[in-house]
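# Architecture at a glance
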Amino acid sequence: MSKQFDVIVIGGGPGGYIAAIRAAQLGFNVACIDEWKNAKGGPALGGTCTNVGCIPSKALLQSSEHFEQAGHHFADHGINVSGLSLDVAKMVARKDTVVKQNNDGIVYLFKKNKVTFFHGRGSFVAAKDGLYEIKVAGTAEETIAGKHVIIATGSNARALPGTPFDEVNILSNDGALRIGAVPKKLGLIGSGVIGLEMGSVWRRLGAEVTVLEGLPTFLGAVDQQIAKEAHKAFVKQGLKIELGVQVGEIKSGKKGVSVAYTNAKGEAVSLDVDKLIISIGRVANTIGLAADVVGLALDERGAIVVDGDCKTNLPNVWAVGDVVRGPMLAHKAEEEGVAVAERIAGQHGHVNFNTIPWVIYTNPEIAWVGQTEEQLKAAGRAYKAGTFPFMANGRARALGDTTGMVKMLADAATDEILGVHIVGPMASELIAECVVAMEFRASSEDIARICHAHPSLSEATKEAALAVDKRTLNF
Ligand code: FAD
Ligand code: NAI
């Protein structure tokens, strides 16, 4: 007789492991299956986010930012550094340590919450008598059964047709985080989130970086006033960003990679680089799940079809995170995981898609929540806008980091905050206040009337709120 669980979670990334913990907290007997392997073939819980995504990219962004500061900005503070050198192997090893700390942290959390972990690939075998049978294929093979199944199998990097990743010259996010020496020339296809974050890392470390973007607009999903400010800063730092290109043949050889493309003027050009990162989005991952065995419905792009509550077409089968519709973000996956566990327990788990924050961890950081000015215009919504530049913020001046602004958008009639968009220092942290405000349906006046510590970057948020009413105090 196979082991039986109340809830089986397939996938141990942020969607899956958080769902497993929340379900266990609610009193269920929970199993979590994850197939990720570390370099030694052992488990590495945390999924894309922990192993080749959020965590390692932020570790390298931090290290490379220190290098950039020491090389170019410490002198402004009267700190002279001589003999600055780079140990890429150590930097990458530090990143790997940070990853392992996070992997181990989840193992600890599973023990603490009594979640049973299975290392291997989970696939549907059958559905009978109100139970789903799932085969776990790892070093050994066994079948377990569960009443509820939460699928959180994540996503994989999208390859360009005809150009598979070799992770030596043509890199996905995985290879991009393991480059062993600074390439002289680095190419990136796609100026989205990964393109900008990874491009920033290797540019700071000394690579000549060119980003080729298919769309004519830079960061099209971002409020364009903010995107323009960010673009200016990136170009000033030395990132070469070519918009509106059409990528043609890509040849990879011993000497590197050659990318043939047509530029925005229609000219045929070629880019020769040592390494090429392809960051053109991600695709939902259901490989090996045997979705067809139980008739689990997928959409035309391979994502699992779910309703607003993350219910699939099968009774008691749920799906969360990158494998379903919506933004491919770790915190969105986590929120869905918590909500599903609560729904299984008969509670009313809820995810507010209007208040999911986005952050791009470049320098300047870019962060936003809610609607952009372009979206409000397109929807014909009457709004008021207020902006406040970090140039006029005392803390930003003291930090020596005055690029960018906070922009707040509020309903013209009710003053409810509809969106906040930030480009500048610590935007990733500043956005949290705005998410809370929007979740509580605050008005811009609410933020304007709240006492913010001085000197702090958060005063720029308060001033942007004051600017909505055209009454900034410090600008
Ligand atoms: P995943 O994290 O992909 O986890 C899925 C897990 O399921 C994996 O461990 C996989 O091995 C396992 N699995 C798949 N199929 C099976 C199976 N059949 N059986 C057993 N196990 C299986 N998001 C942010 O919010 N902030 C960031 O800063 C950020 N940075 C990123 C940087 C990079 C370079 C990348 C690539 C992504 C980044 N993301 C970031 C996105 C984030 O990583 C994803 O949104 C998040 O990991 C999705 O979580 P998930 O649980 O849905 O899937
Ligand atoms: P992305 O969707 O952010 O950007 C892809 C870019 O590639 C777009 O600008 C698109 O126009 C362009 N593109 C697509 N096809 C192209 C082609 N053939 N030629 C040239 N350009 C092309 O995808 P990315 O950067 O791969 O990241 C995937 C996802 O991972 C993100 O959307 C995000 O959900 C997540 N992520 C989140 C991070 C964060 O929260 N800080 C960091 C990194 C990734």
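The following refers to the structure shown. (Residues numbered from 1 in each chain as written. Chains lettered and ligands numbered in written order. Predicted model: local features only at pLDDT ≥ 70, side-chain atom pairs only at ≥ 80, totals over all residues. Heavy atoms only, no water.)

## Regarding the sheet that holds strand β14 (residues 268-273)
Reading across the sheet, the three strands line up as β12-β13-β14 and stay open at both edges, with antiparallel pairing between neighbours. Single-partner strands in this sheet number two, and they are β12 (246-253) and β14. The sheet shows a mean angle of 20° between the axes of neighbouring strands, direction not considered. Summarising the sheet, β12 and strand β13 (residues 256-262) pair through six bridges and their orientation is antiparallel. Within β13, the position partnered with Gln-246 by the bridge is Thr-262. (Pairing = 2+ DSSP bridges. Helix = DSSP H or I, 4+ residues; strand = E, 2+ residues; numbered from the N terminus. Axes fitted to C-alpha atoms, helices over the stretch in contact; angles between N-to-C directions.)

## Considerations on helix α1 (residues 14-25)
One turn of an α-helix holds 3.6 residues; hence residues three or four places apart share an orientation. Look at α1: 16 Å from first C-alpha to last across 12 residues, which is about the 16 Å you get at 1.5 Å a residue. When you tally the buried positions in α1, you get 11 out of 12 residues, the bulk of the element. Looking at α1, one finds that the buried residues are Pro-14, Gly-15, Gly-16, Tyr-17, Ile-18, Ala-19, Ala-20, Ile-21, Arg-22, Ala-23 and Ala-24. Contacts from the buried residues of α1 go to β1 (3-10), β2 (30-34), α2 (47-52), α4 (88-113), β6 (141-151) and α9 (330-344). Gly-27 occupies a position one or two residues after α1 and carries a positive phi of about 100°. (Expected span 1.5 Å × (residues − 1). Buried < 20%, exposed > 50% of the residue type's maximum accessible area, 1.4 Å probe, protein only. Contact = heavy atoms within 4.5 Å.)

## Quick word on the packing of helix α3 (residues 54-73) against α4
At a closest axis distance of 9 Å, the pairing of α3 and α4 adopts a crossing angle of 140°. Viewed along their axes, α3 and α4 adopt a mutual orientation that is oblique. In the packing of α3 onto α4, the handedness of the crossing is right-handed. Contacts from Ile-55, Pro-56, Ala-59, Leu-60, Ser-63 and Ser-64 in α3 reach Met-91, Arg-94, Lys-95, Val-98, Val-99 and Asn-102 in α4. Tallied by class, residues from the contact of α3 with α4 come to seven nonpolar, three polar and two charged. (Parallel < 35°, antiparallel > 145°, perpendicular 65-115°, else oblique. Left-handed = near helix turned anticlockwise from the far one by under 90°. Nonpolar A, V, L, I, M, F, W, Y, C, P; charged D, E, K, R; others polar.)

## Description of the pairing of β13
Taking the residues that link successive antiparallel strands as the turn, the β12-β13 hairpin has two residues. By the bridge criterion, six bridges tie β13 to β14 in an arrangement that is antiparallel. Paired with Val-259 across the two strands is Leu-271, which belongs to β14. Two successive antiparallel strands, β13 and β14, enclose a turn made up of five residues, where Gly-266 displays a positive phi of approximately 90°.

## Points about the state of the cysteines
In a disulfide, the sulfur atoms of two cysteines are held together by a covalent bond. All told, the structure shown has zero disulfides when counted by the stated rule. Residue Cys-434 stays outside any disulfide, its sulfur separated by 16 Å from that of Cys-451, the closest cysteine. Its relative accessible area of 2% is what places Cys-434 among the buried residues. (Disulfide = S-S within 2.5 Å.)

## Here we look at the site of ligand 2
Close contacts around ligand 2 come from 22 residues, with Ile-194, Glu-213, Gly-281, Met-328 and Val-359 the closest. Separating an oxygen atom of ligand 2 from a backbone N or O atom of Gly-281 is a distance of 2.8 Å. Expressed as a share of its isolated accessible area of 840 Å², the protein-covered part of ligand 2 is 75%. Listing elements by their share of the shell around ligand 2, those giving two or more residues are α6 (193-204) and β18 (358-360). (Near = heavy atom within 4 Å. Polar contact = N/O pair within 3.5 Å; in protein donor to acceptor, adjacent residues only side chain to side chain. Areas by Shrake-Rupley, 256 points an atom, 1.4 Å probe, with all protein chains shown as cover.)

## With respect to the pattern of salt bridges
Enumeration over the complete set of coordinates arrives at 23 salt bridges. For Arg-121, the salt bridge is made with Glu-35, and the minimal N-O distance between the two is 2.8 Å. Highlighted residues: Arg-121 in strand β4 (residues 121-128) and Glu-35 in the loop between β2 and α2, separated in sequence by 86 residues. Accessibility expressed as a relative area gives 32% for Arg-121, which makes it partly exposed. Accessibility expressed as a relative area gives 35% for Glu-35, which makes it partly exposed. Residue Asp-223 is joined to Lys-407 by a salt bridge in which the shortest nitrogen-to-oxygen separation is 2.8 Å. Separated by 184 residues along the polypeptide, Asp-223 in the loop between β10 (208-212) and α7 (224-237) and Lys-407 in strand β21 (residues 405-411) bring together distant segments of the chain. (Salt bridge = Lys/Arg side-chain N within 4 Å of Asp/Glu carboxyl O.)

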